[in-house]
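# Examining the three-dimensional arrangement
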Amino acid sequence: MTALIPDLIPQHVAIIMDGNGRWASQRGLPRFEGHRRGVEALRKTIRAAEELGIRYLTVYSFSSENWKRPATEVSDLMGLLRRFIRNDLAELHSRNIRVRVIGVKEGLAPDIIALLDESEQLTKNNTGLTFVVAFNYGARREIANAARLIAQAVKAGEINTDAIDEKLVSNYLNTVGIPDPELVIRTSGEQRLSNFLLWQSSYSEFVFTSGHWPDFGRDALEEALLVYQSRDRRFGGLSSAMGGVR
Ligand code: IPE
Ligand code: IPE
Ligand code: MG
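Residues numbered from 1 in each chain as written. Chains lettered and ligands numbered in written order. Predicted model: local features only at pLDDT ≥ 70, side-chain atom pairs only at ≥ 80, totals over all residues. Heavy atoms only, no water.

Below, the discussion takes up the overall build of the protein chain. Secondary structure assignment for the protein chain yields seven helices and six strands. Taken from N to C terminus, the helices and strands of the protein chain fall in the order β-α-α-β-α-β-α-β-α-α-β-β-α. For a compact globule of 246 residues, the expected C-alpha radius of gyration is about 18 Å, and the protein chain comes in at 19 Å, within 12% of that figure. In terms of its C-alpha atoms, the protein chain occupies a principal-axis envelope of roughly 55 × 50 × 35 Å. Excluding contacts between residues fewer than 6 apart, the proportion of contacts in the protein chain whose partners are at least 24 apart in sequence is 78%. For the protein chain, the computed accessible surface area is about 12,500 Å², with 51% contributed by carbon and sulfur atoms. (Helix = DSSP H or I, 4+ residues; strand = E, 2+ residues; numbered from the N terminus. Rg over C-alpha atoms; globule rule 2.2 N^0.38 Å. Contact = heavy atoms within 4.5 Å. Areas by Shrake-Rupley, 256 points an atom, 1.4 Å probe, with all protein chains shown as cover.)

So this is what it looks like as structure tokens:
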């Protein structure tokens, strides 16, 4: 296996964890089993991200569209989040991991909101990996919310319309303070964003892997990073081989 170039490890990797259901059906198991195994894959991936020196890891855990699933599956996913926080929060904290949650808290059960808040509060001063959980997250809603907040600030005379630029808009998104992901990975072969980080991924590299999420872990992450490192990021300029800057 070609070795990873340490200087080209992305700061921020965002992952659309997809394929839990298909992983389970292929094995004649209920979808829940795929989600349960997906949590195991997440644990391995967080560990690998820390070891590889990634600074920010964002995972798409529940989209604003996932409410369309059968109530039993929604409740299974909520239950797994509860269990994950209850079991793993202390350990993540002891590893100096800072947890951030992006998405909308309204509409979630009060105990889930409390667990999410507790995760952020407890770990807010940690300086290791920032683990960003996208839960009840939808990018269009995030952008629309930002537009509403900016309009309110203008109306209140707090900002001038001339001050509205890309930086200001970024500051009104849930991801304020988090650098854009250099790499977005989606497992299970689907090649779409499904309403994930639309603004933040405008210049990200995308790597689509064929394996399902429960099989993800250090090896799959390293493979995706190798693909990323082979890409020529031009940002509209010239390729590094042609004298552009990397
Ligand atoms: C990803 O796996 C988990 C969530 C979306 C919450 P899926 O549940 O989407 O699995 P597939 O796509 O049906 O295989
Ligand atoms: C995207 O996966 C959402 C998460 C991984 C949480 P979906 O499985 O919900 O996306 P679609 O429906 O295939 O676009
Ligand atoms: Mg899916």
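Direction vectors running N to C along helix α2 (residues 31–52) and helix α3 (residues 71–94) enclose 30°, while the axes themselves pass 10 Å from each other. Judged by the inter-axis angle, α2 sits roughly parallel to α3. You can see that α2 and α3 cross each other, and the crossing is right-handed. Of the residues in α3, those touching α2 at Arg31, Phe32, His35, Arg36, Val39, Leu42, Arg43, Ile46 and Arg47 are Glu73, Asp76, Leu77, Leu80, Arg83, Phe84, Asn87, Asp88, Glu91 and Leu92. Within the contact of α2 with α3, the residues separate by chemical class into eight nonpolar, two polar and nine charged. (Axes fitted to C-alpha atoms, helices over the stretch in contact; angles between N-to-C directions. Parallel < 35°, antiparallel > 145°, perpendicular 65-115°, else oblique. Left-handed = near helix turned anticlockwise from the far one by under 90°. Nonpolar A, V, L, I, M, F, W, Y, C, P; charged D, E, K, R; others polar.)

Looking now at the pairing of strand β4 (residues 130–137). Among the eight residues that make up β4, eight are buried, leaving the element largely enclosed by the rest of the structure. You can see the chain leave strand β3 (residues 98–102), run along helix α4 (residues 110–123) and come back into β4, and the turn it takes is left-handed. (Buried < 20%, exposed > 50% of the residue type's maximum accessible area, 1.4 Å probe, protein only. Right-handed = clockwise from strand over helix to strand, strands pointing away.)

It is worth spelling out the nonpolar core at this point. Judged by nonpolar contacts, the single largest core of 46 residues is most densely connected at Val13, Ile46, Ile54, Leu57, Phe131, Leu221 and Leu225. Counting residues per element, this core draws most heavily on α3, which supplies nine residues. Setting aside its immediate chain neighbours within four residues, Leu57 contacts His12, Val13, Ile15, Thr45, Ile46, Ala49, Leu129, Thr130, Phe131 and Val132. Residues Tyr60, Val132, Ala134 and Ile178 belong to the second largest nonpolar core, which totals 13 residues. (Core = buried A, V, L, I, M, F, W, Y, C linked by side-chain atoms within 4.5 Å.)

A separate point is the pattern of salt bridges. When charged atoms on two side chains of opposite charge get close, those side chains can pair. Across all of its chains, the model carries 22 salt bridges by this definition. We note a salt bridge from Asp111 to Arg82, for which the minimum N-O separation is 2.5 Å. Of this pair, Asp111 sits in helix α4 while Arg82 is found in helix α3, placing the two residues 29 residues apart along the sequence. On the basis of relative accessibility, which here comes to 30%, the residue Asp111 falls in the partly exposed class. Judged by its relative accessible area of 21%, Arg82 is partly exposed. Residues Arg86 and Asp111 are paired through a salt bridge, measuring 3.9 Å at the closest nitrogen-oxygen approach. Of the two residues, Arg86 sits in helix α3 while Asp111 sits in helix α4, which places them 25 residues apart along the sequence. Three or more residues joined by partner-sharing salt bridges are found here, namely Asp18, Arg22, Arg186, Glu190 and Arg192. (Salt bridge = Lys/Arg side-chain N within 4 Å of Asp/Glu carboxyl O.)

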